[in-house]
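So the chains spell out like this:
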Amino acid sequence: MKKVHAFNDIIRKLRKDLFGKGPERIHTIFIDNMAVSTLYGNLTPTEKFIAGTPEGKEMVHRARTGMIQAMYEKEPPEGLEELVEAKFLHLFSDFKVDDDIAVSVFLFDRSIE
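These figures come from a predicted structure and were not determined experimentally.

**Student:** What is the right way to look at the pairing of strand S2 (residues 34-40) in this model?
**Tutor:** Where a strand is regular, its side chains alternate between the two sheet faces. Burial within S2 is extensive, with five of its seven residues counted as buried. As paired elements, strand S1 (residues 25-31) and S2 share seven bridges and run antiparallel to each other. In the sheet register, His 27 faces S2, and the bridge partner there is Thr 38. The loop that links S1 with its antiparallel partner S2 comprises two residues; one of these, Asp 32, has a positive phi angle of about 50°. Inspection of the sheet shows S2 paired to strand S4 (residues 101-108) by seven bridges, in the antiparallel sense.

Shown next, in the form of structure tokens:
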């Protein structure tokens, strides 16, 4: 349980640094070589305003998913691999703008349970 809490702290800090606001709540489960995180309450007031139109919603979705994936492709957040004792391979991420929910699946090179 402690490992999940520390994992969530790393995820929250990265998103806060990247977007100016971290998620209000994160629920993470470890399954074999994956961490699956559901992140609630992510959007800034500015993003909520922009998402008021269909074009704006698409823009927020693209920015949120694209920026986070680009960030992880460059390098995983500090302490992530050490915490789970496995090498980070890939992040799969999607964002439901209307409900302000993101889901991220972190893939590692071996079991992290």
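We are not done yet, so read on.
**Student:** I would appreciate a short explanation of the environment of Met 71 in the present structure.
**Tutor:** Structurally, the position occupied by Met 71 is in helix H3 (residues 54-74). Through-space distance from the C-alpha of Met 71 to that of Leu 91 is 9.7 Å; in sequence the pair is 20 residues apart. In this structure, Met 71 is in contact with Leu 14 and Leu 18, ignoring residues within four places of it in sequence.

**Student:** Would you mind showing me how to read the pattern of salt bridges here?
**Tutor:** In a structure, side chains of opposite charge can pair up when their charged atoms sit close to one another. What the rule picks out here adds up to eight salt bridges. Salt-bridge contacts for Lys 57 lead to Asp 98; the nearest nitrogen and oxygen are separated by 2.9 Å. With Lys 57 in helix H3 and Asp 98 in the loop between strand S3 (88-96) and S4, this pair connects stretches of sequence that are 41 residues apart. Looking at Lys 57, the relative accessible area reads 27%, which means it is partly exposed.

**Student:** What's the story with helix H1 (residues 2-19) in this structure? I'm lost.
**Tutor:** For an α-helix, the turn length of 3.6 residues means that residues three or four places apart are oriented alike. If you check H1, its first and last C-alpha atoms are 26 Å apart, about what 18 residues at 1.5 Å a residue would give, namely 26 Å. Taken as a whole, H1 has its buried residues at Val 4, Phe 7, Asn 8, Ile 10, Ile 11, Leu 14, Arg 15 and Phe 19. Buried positions in H1, seen along its axis, are confined to an arc of 155° and lie on one side of it. Exposed side chains of H1 directed beyond 90 degrees from the buried face belong to Lys 2, His 5, Lys 13 and Asp 17. Where H1 ends, the next residue or the one after it, Gly 20, has phi of about 90°, a positive value.

The rules behind these values
- Residues numbered from 1 in each chain as written.
- Predicted model: local features only at pLDDT ≥ 70, side-chain atom pairs only at ≥ 80, totals over all residues.
- Heavy atoms only, no water.
- Buried < 20%, exposed > 50% of the residue type's maximum accessible area, 1.4 Å probe, protein only.
- Helix = DSSP H or I, 4+ residues; strand = E, 2+ residues; numbered from the N terminus.
- Pairing = 2+ DSSP bridges.
- Contact = heavy atoms within 4.5 Å.
- Salt bridge = Lys/Arg side-chain N within 4 Å of Asp/Glu carboxyl O.
- Expected span 1.5 Å × (residues − 1).
- Arc of directions from axis to C-beta.

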